[in-house]
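Below, each chain spelled out in residue letters.
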Amino acid sequence: MTSLVLRTAPATPIITAAQVKEQARTFHTKEEDVFQRAADAAIAHADGPSGVMGRALITQEWTLIAPCFTATIPLGRLQSVDEVRYLDEDGATQTLATTEYRVTAGTDNRRLAVKVNKTLPTTLVAPDAVEIDFTAGYGDAATDVPDDIISATLLLAVHLYQNRSAAMIDPRASEISRLVEIGYESLVRRHILYGRGT
């Protein structure tokens, strides 16, 4: 079993309240806080380990806590492994030198692997024996994130702005909600990160 701890959050959002207003074709200066909440909720639905895609979108730094070195590094689009620490057999914290390991190829579901003629050290048998600091995300700016993810996030944000109540008595509103859901899923489907666990 693994867990994740956020070290550094994204420096910028993938969408802004101003973009949500423009997408909604609303040009008044009222309800700025409502637009911001809609943007924040749509981003939370899309980004990070609890997001529907299981991906880091804008560059962010995390620590993976795992029982072994070979746990899958989650969130896709791995930019770097910044440091690897482990508990040795005596329970003391050690840092694993970069000369001892490599990162498997690809962009998603990557793991640490032992280098040729190297042996990974024995760790304490514990669920938190290894900590891997890593950086993930498509890039530092919203323009680095695929357009279909941006479009889906804006679609959801506008829907949240226009439908602020969970109770929809009008059946047409429920149908629109279903169409928004289908549209969102269609846009993000190819970006869903499968095999998120170890």
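Reference entry: report on the structure contained in this document. Because the structure is a prediction, the values reported are computed rather than measured. (Residues numbered from 1 in each chain as written. Predicted model: local features only at pLDDT ≥ 70, side-chain atom pairs only at ≥ 80, totals over all residues. Heavy atoms only, no water.)

1. With respect to the pattern of salt bridges
Part 1: Counted by the stated rule, this structure contains 10 salt bridges.
Part 2: For aspartate 82, the salt bridge goes to arginine 7, with nearest N and O atoms at 3.9 Å. Taken together, the residues span a long stretch of sequence, with aspartate 82 in strand β3 (residues 78-87) and arginine 7 in strand β1 (residues 3-8) at a distance of 75 residues.
Part 3: Note on aspartate 82: relative accessible area 38%, which makes it partly exposed.
Part 4: Among the ionic pairs, arginine 55 bridges to aspartate 108, the shortest N-O distance being 2.8 Å. Here arginine 55 is found in the loop between α2 (32-46) and β2 (60-66), whereas its partner aspartate 108 is found in the loop between β5 (101-103) and β6 (112-114), with 53 residues between them in sequence.
Part 5: You can call arginine 55 buried: its relative accessible area is 5%.
Part 6: Residue aspartate 108 is classed as partly exposed on the basis of its relative accessible area, which comes to 22%. (Salt bridge = Lys/Arg side-chain N within 4 Å of Asp/Glu carboxyl O. Helix = DSSP H or I, 4+ residues; strand = E, 2+ residues; numbered from the N terminus. Buried < 20%, exposed > 50% of the residue type's maximum accessible area, 1.4 Å probe, protein only.)

2. A few points about the packing of aromatic side chains
Pairs of aromatic rings are described using the distance from one ring centre to the other and the angle between the two planes.
Part 1: If you walk through the whole model with that rule in mind, you get 2 aromatic pairs.
Part 2: Aromatic pair phenylalanine 35 and tyrosine 161: ring centres 4.1 Å apart, planes at 20°, arrangement stacked. A residue pair is termed long-range when its members are at least 10 positions apart, and phenylalanine 35 in helix α2 and tyrosine 161 in helix α3 (residues 147-162) qualify at 126 residues. Grouping residues by exposure puts phenylalanine 35 and tyrosine 161 together as buried.
Part 3: Ring geometry for phenylalanine 69 against tyrosine 86: centres 5.5 Å apart, planes inclined by 65°, an arrangement best described as edge-to-face. Pair noted here: phenylalanine 69 is in the loop between β2 and β3 and tyrosine 86 is in strand β3, with a separation of 17 residues, a long-range link.
Part 4: With a relative accessible area of 6%, phenylalanine 69 lands in the buried category. (Phe/Tyr/Trp six-rings, centres within 6.5 Å; stacked < 30°, edge-to-face > 60°.)

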